[in-house]
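Residue strings, one per chain:
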Amino acid sequence: MPSKISLLDTLGPLGWDAAWAASAHERDAGSTETVAARIIAEHRISYQATGADGTAWCEATGRAFHQATDKRDLPTVGDWVLLERWAESRGGAGNAVVREILPRRNLLVRRAAGEASVPQPMAANLDLGLVMTSANGDLSAPRLDRYLNLLRDAGIPAVVVLSKIDLVPDPAPVIAEIEANAPGVRVIAISLVSATGLDALRALVQPRATAVLLGSSGVGKSSLLNMLLGTQQATREIRDDDKGRHTTTRRELFVAGDGSLWIDTPGMRELGRWARDDDDDEEEDAFDDIAELAEGCKFRDCRHEAEPGCAVRGVVGPDRLASFHKLADEHTTAAADQKTARRIAETQHAKAKRYVTRPGKPGDER
Ligand code: GDP
Ligand code: ZN
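Quantities reported herein were computed from a predicted structural model and do not represent experimental measurements.

Parameters and conventions
- Throughout, a residue's number is its position along its own chain's written sequence, starting from 1.
- Written order decides the labels, with chains lettered from A and ligands numbered from 1.
- Local features in a predicted model are, by the rule used here, given only for residues with pLDDT of at least 70; side-chain atom pairs are given and counted only at 80 or more, and totals for whole chains, interfaces and linings are based on all residues.
- To obtain the side-chain values, all non-hydrogen atoms of the structure were used and water was disregarded.
- Secondary structure elements follow DSSP: runs of H or I of four or more residues count as helices, runs of E of two or more count as strands, with numbering from the N terminus.
- Two residues qualify as a contact provided that any one of their heavy atoms is within 4.5 Å of a heavy atom in the partner residue.
- Each accessible area is a Shrake-Rupley result for a 1.4 Å probe, and residues are judged covered by the shown protein chains and nothing else.
- Only protein chains enter the accessibility calculation, which uses a 1.4 Å probe; a residue whose area is less than 20% of its type maximum is buried, one above 50% is exposed, and one in between is partly exposed.
- Salt bridges are identified by distance alone: a Lys or Arg side-chain nitrogen within 4 Å of an Asp or Glu carboxyl oxygen.
- Here a residue is considered near a molecule or strand provided that any single heavy atom belonging to it is located within 4 Å of it.
- A 3.5 Å cut-off defines polar contacts: any pair of N or O atoms within that distance qualifies, except that in protein one atom must be a possible hydrogen donor and the other a possible acceptor, and neighbouring residues in sequence count only when both atoms are side-chain atoms.
- Take the buried residues of types Ala, Val, Leu, Ile, Met, Phe, Trp, Tyr and Cys, join any two whose side-chain atoms come within 4.5 Å, and each joined set is a nonpolar core.
- DSSP calls a pair of strands paired once it identifies at least 2 bridges connecting them.

Examining the overall build of the chain
Consideration 1: A tally of regular secondary structure across the chain gives 11 helices and 15 strands.
Consideration 2: At a minimum sequence separation of 6, the contacts of the chain that also span at least 24 residues come to 66%.
Consideration 3: Carbon and sulfur atoms provide 50% of the accessible area of the chain, an area that totals close to 18200 Å².

And the structure:
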């Protein structure tokens, strides 16, 4: 195992510091079996974590699932974990297993409501939350509120980013409206087109600090990330070795060119889905035309991508179709999250049942 000094060198850029080292040491003093790593991507059932030796696919143990009361007990993007390598013979999808999650400094959790009332972790160990809203759309105060509340509940400092100010003659009224709705919260107005406010935004997140980017689909999160990363590929397609197919990672940690760390999250639609708020229905209604055209598709589950007999592709513009796919993808992530939540609930239920119905022999302790 590398010494603490070299760990600080190699993991430092991911946010590792003396306190994390102490935390790891406390749990794992002198072990050669485990290595510290940060969860940088969350897929449906597996994760990617970066440690001193590079990035590995990993999974939570069956035991972790079994013992989890809800998803907060499982790894999430931004977590620092202790990884243990699977023995080759054990095979499986991951090549490492998450032995332990180091106690989090904070955890951003989606507020759920209704029967699917399960806390959904979004990201861990954050220094700042940026809530993005665009200058050209109508400001949704409840939506803004919801994001700010999530951050406040998690004890994470928040800043509002007003995007696309090149699209309005004067952003001042919108800024005033935001300030009225969120007293005391800093507002930064930016435009990627006119390159306004970008230095102020960059200055918010120091190298090795982690920020999360929140906001509805379309407000400009990916564009901003691309700019910060200096790439065209914020939403990377990563090959999922498990299934041999491509999955789009919905939660991912990126290292920007200046060394700041950024976590992208699913859009508002998913958040709205969990919160069951009415003000998001407009987003769904916005794709009514696609839903109508889809009646004419040959396959009922047509995704309007490459399927034969598609009545949508070619009729609906590529940009609109892309937005639709993005939204559909968020629904899939929400469904997958619900599935995991259900799996945990079922395990809990089975455990409880076993406890109740276990045949008791005379003289049994319980
Ligand atoms: P996301 O869904 O939040 O990731 O939003 P995107 O980054 O995909 O951006 C949605 C649309 O807004 C894209 O067509 C972008 O080109 C556009 N966009 C992003 N930032 C700006 C900006 O500063 N000004 C203008 N005019 N358009 C922008
Ligand atoms: Zn179709």
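Looking at unusual backbone geometry
Consideration 1: Even without a glycine there, the phi angle at Lys-164 is positive, about 55°.
Consideration 2: Despite not being glycine, Ala-195 shows a phi value in the positive range, around 55°.
Consideration 3: Within the secondary structure, Ala-195 is located in the loop between β10 (186-189) and α6 (198-204).

Quick notes on helix α7 (residues 221-229)
Consideration 1: Extensive coverage of α7 is indicated by the burial of seven of its nine residues.
Consideration 2: Every buried residue of α7 is listed here: Lys-221, Ser-222, Leu-224, Leu-225, Asn-226, Leu-228 and Leu-229.
Consideration 3: At the C-terminal side of α7, Gly-230 shows a positive phi close to 70°.

Points about the pattern of salt bridges
Consideration 1: Counting across every chain of the model gives nine salt bridges.
Consideration 2: With a shortest N-O distance of 2.7 Å, Glu-84 and Arg-99 are connected by a salt bridge. With Glu-84 in strand β4 (residues 80-85) and Arg-99 in strand β5 (residues 96-101), this pair connects stretches of sequence that are 15 residues apart.
Consideration 3: For Glu-84, a relative accessible area of 22% puts it in the partly exposed group.
Consideration 4: Note that Glu-305 is salt-bridged to Arg-303, the shortest N-O span being 2.9 Å.
Consideration 5: Glu-305 gets classed as partly exposed once you look at its relative accessible area, which sits at 39%.

Topic: the site of ligand 1
Consideration 1: Near ligand 1 there are 15 residues, and of these Leu-192, Gly-218, Ser-222, Ser-223 and Lys-326 occur at the shortest range.
Consideration 2: Take Leu-192: an N or O atom from its main chain is 2.8 Å from an oxygen atom of ligand 1.
Consideration 3: In this structure, Lys-221 approaches ligand 1 through a main-chain N or O atom, which is 2.8 Å from an oxygen atom.
Consideration 4: Protein burial of ligand 1: of its 580 Å² of free accessible surface, 70% is covered by the chains.
Consideration 5: With three residues, the top contributor of residues to the shell around ligand 1 is α7.

Some details on the nonpolar core
Consideration 1: With 56 residues, the main nonpolar core has Trp-16 and Leu-108 as its most contacted residues.
Consideration 2: Per element, the largest residue contribution to this core is six residues, and it comes from helix α4 (residues 141-154).
Consideration 3: Discounting chain neighbours no more than four positions away, the residues touching Leu-108 are Gln-120, Pro-121, Met-122, Ala-123, Leu-126, Leu-150, Leu-151, Ala-154, Ile-156, Val-212 and Leu-214.
Consideration 4: With 21 residues, the next largest nonpolar core counts Val-161, Leu-201, Leu-225 and Leu-228 among its residues.

Brief notes about the pairing of β5
Sheet faces and side chains relate simply in a regular strand, where the side chains alternate between the two faces.
Consideration 1: Sheet topology places strand β3 (residues 54-60) next to β5; two bridges connect them, and they run parallel. Note that in β5 the partner of Ala-60 across the bridge is Val-98.
Consideration 2: For β4 and β5, the ladder comprises five bridges, and the chain directions are antiparallel. Paired with Val-81 across the two strands is Ile-101, which belongs to β5.

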